Amino acid sequence: MYPSPAHPSVPWRGKIERLVWGGLGLGRSEDGKAILLAAPLALFPGETVEASVHWKARHGEGTVDRWITRDARRAKSGCAVAEICGGCDLWEAGTAMGDLKRLMVEDLFSRQLPEKEQWQWLPAPREVRRHRIQLHWDGRTLGFHRRKSHQIVPVTTCPAAVDSLSGAIPRLEEALKARLLPTKPQRWELATGTPPGEVYAIAEQGRTWFLEPDGWHAWEGPVSHRHGELRLQQSAGGFYQVCPDWAFEAFGQVLEGWDLRGGTLFDLYGGVGFFSALLGHRFQHRCLVEFDEPAVGWARKNLEAMQLPSECITADAAEWVPEHLGHSGDTVLLDPPRAGLPPELCERLQDSNADTLVLVGCDGASFCRDVKRLAPGWELASLAALDLFPLTHHVECVGRFTRCR
Ligand SMILES: C[S@@+](CC[C@H](N)C(=O)[O-])C[C@H]1O[C@@H](n2cnc3c(N)ncnc32)[C@H](O)[C@@H]1O
């Protein structure tokens with residue numbers, strides 16, 4: 001008999017059989033029931049651990065308390081608060097980080113997309129760091145949220161971020177404590193451009209300050225990102241890739257490998273034009289749809305400055321997509337937020353006349369769900385997973401679809 005779900009937890013000791021999607025390790029009870037285990041600092045298959053487990057109807061869920069055996073590849077964490085901070089969960093993966101993440105993606109794809117046995121994996125180079133971090137200020141302390149909690153873990157550095165952002169954390173805290181910036185409890189974002197250097201602090205409502213040697217100054221200008229010859233500008237509080245230079249390179253490798261080209265590129269959920277900039281020169285026309293008005297304004301300017309004039313439309317992507325979208329030779333690229341595509345958009349795309357569709361998703365589970373929703377009319381032809389979020393278990397998934405004939 002297993003303890004009832006109301007029971008707080010029971011100790012379990014055993015081997016991590018394999019890694020599964022979500023950064024979890026899979027263990028088994030003596031009678032073969034699955035146990036999903038979370039650990040703050042990465043798990044390696046084959047390690048033996050002690051954990052506290054809660055039993056559900058058919059499986060257990062728990063957290064690792066102690067390692068009995070450790071994989072020889074486990075490395076010392078580069079972050080003093082890695083064990084409690086809710087930000088990164090793979091610090092101790094060391095040089096095996098890419099391999100561990102590939103195993104997690106393999107688990108997801110083999111269960112959700114079993115017919116697609118071949119897929120491409122792009123691990124992140126070790127030096128890749130974040131260009132954006134989200135901090136929380138409760139009126140007295142600045143830091144990150146503790147794992148699975150709203151409590152604040154005070155921090156003075158963040159080794160997951162580029163040096164200029166990490167170095168700006170104490171400057172932000174000083175200014176908040178000295179009441180030189182709004183002191184109400186709220187979320188603060190620190191962001192930098194590409195290449196990294198200058199630092200912006202963005203309050204929850206979007207008000208922005210720029211860091212100078214003498215302190216923070218109100219800022220209403222854009223943040224700039226250079227990718228080789230291309231330059232994209234954005235409003236400081238708007239969306240941009242978290243590790244932009246690596247994202248540009250990684251998407252470039254995958255999408256150029258798929259040799260996308262033709263008549264019109266429909267860049268849906270287009271932001272300030274990241275994908276139109278990357279691929280636009282391969283198409284005769286470009287049409288970008290995005291519901292954030294300032295982003296659309298920047299997209300228009302960005303693409304014009306790159307000699308890639310585009311129709312840039314402020315609209316909800318699902319509402320905008322017309323019946324029979326596009327023509328033969330066109331590509332529809334969709335890069336929705338984490339929740340993925342609305343079902344009505346998948347439905348509407350069934351009768352599109354374009355002959356290629358590309359789906360980008362930063363949440364693997366929603367991505368796989370959308371691949372299935374698109375399936376009646378669209379066949380998944382190529383699949384890739386890109387490690388755009390190093391030090392965490394998150395990955396970006398990308399699929400290329402052709403029309404089912
Ligand atoms: C994951 S971001 C991708 C942005 C862009 N493709 C890039 O790579 O920089 C998703 C974008 O979709 C926009 N968005 C969210 N919901 C939307 C909707 N219903 N219709 C249109 N755009 C939306 C967001 O403002 C954001 O810019």
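Residue numbers run consecutively from 1 along every chain, following the written order of its sequence. Confidence filtering applies because this is a predicted model: local features only for residues at pLDDT of at least 70, side-chain atom pairs given and counted only at 80 or more, and all residues used for totals across whole chains, interfaces and linings.

Trainee: Mind showing me how you'd approach the overall build of the protein here?
Mentor: Looking only at helices and strands, the protein has 8 helices and 23 strands in total. Taken over the C-alpha atoms alone, the protein extends approximately 65 × 60 × 35 Å along its principal axes. Exposure criterion: with C-beta atoms placed from backbone coordinates, a residue whose C-beta has 20 or more other C-beta atoms within 10 Å is buried, one with 12 or fewer is exposed, and one in between is partly exposed. Put simply, the protein has 405 residues, and 44% of those count as buried. Sequence separation of at least 24 residues holds for 61% of the intrachain contacts in the protein that already meet a minimum separation of 6. Only DSSP runs of H or I reaching four residues or more are called helices, and only runs of E reaching two or more are called strands; each is numbered from the N terminus. We call two residues in contact when their backbone-placed C-beta atoms lie within 7 Å.

Trainee: Honestly, the site of the ligand in this entry has me stumped. Any pointers?
Mentor: Each residue gets a C-beta atom placed from its backbone. If that atom is within 6 Å of a molecule or strand, the residue is near it. Lining the immediate environment of the ligand, one finds 16 residues, of which Tyr-269, Gly-271, Phe-274, Phe-291 and Asp-335 sit closest. Residues are grouped as follows: Ala, Val, Leu, Ile, Met, Phe, Trp, Tyr, Cys and Pro are nonpolar; Asp, Glu, Lys and Arg are charged; all remaining types, including Gly, are polar. Of the residues in the shell around the ligand, the class split is 9 nonpolar, 3 polar and 4 charged.

Trainee: Looking at this structure, how should I read the nonpolar core?
Mentor: Most often, soluble globular proteins have nonpolar side chains that are buried together. Joined through C-beta atoms within 7 Å, a set of buried Ala, Val, Leu, Ile, Met, Phe, Trp, Tyr and Cys residues constitutes a nonpolar core. With 122 residues, the main nonpolar core has Leu-190, Val-332 and Leu-386 as its most contacted residues. In terms of residue count, the dominant contributor to this core is helix 3 (residues 244-257) (7 residues). Setting aside residues up to four positions removed in sequence, Val-332 forms contacts with Phe-266, Leu-268, Leu-325, Gly-326, Leu-349, Ser-352, Ala-354 and Leu-357.

Trainee: Looking at this structure, I do not really get the sheet that holds strand 18 (residues 283-290). What am I missing?
Mentor: Pairing between sheet strands relies on hydrogen bonds along the backbone, with the strands arranged either parallel or antiparallel. We treat two strands as partners when DSSP finds at least two bridges between them. Strand order in the open sheet formed by 8 strands is 7-22-23-21-20-17-18-19, with mixed pairing between adjacent strands. Looking at the sheet topology across the chains shown, the edges are occupied by strand 7 (120-122) and strand 19 (311-314). Ignoring which end each strand starts from, the neighbouring axes of this sheet average 15° apart. Judged from the 6 bridges that link them, strand 17 (residues 262-268) and strand 18 form a sheet pairing that is parallel. Counted as the bridge partner of Asp-267 is Leu-288 from strand 18. This element, helix 3, spans strand 7, strand 22 (378-386) and strand 23 (396-403) of the sheet and lies at about 160° to strand 7. Between N-to-C directions, angles cover 0 to 180 degrees, with each direction set by a line fitted to C-alpha atoms, over the stretch in contact for helices.

Trainee: What is the right way to read the sheet that holds strand 3 (residues 24-28) from this model?
Mentor: Taken in spatial order, the 6 strands make up an open sheet running 1-5-6-4-3-2, and their pairing is mixed. The sheet is open, and its two edges are formed by strand 1 (10-15) and strand 2 (18-20), each paired on a single side. Averaged over all pairs of adjacent strands, the angle between their axes in this sheet comes to 40°, without regard to strand direction.

Trainee: I tried to follow the pairing of strand 23 on my own but got confused; where do I start?
Mentor: Looking along a regular strand, one sees side chains alternate from face to face of the sheet. Of all 8 residues making up strand 23, 6 are buried, and the element is well covered by its neighbours. In terms of strand pairing, strand 21 (residues 356-361) meets strand 23 through 6 bridges, oriented antiparallel. Looking at the pairing, Thr-356 lines up with Thr-402 of strand 23. Note that strand 22 and strand 23 share 8 bridges and pair antiparallel. Looking at strand 23, one finds that Ala-384 is bridged to Val-398.

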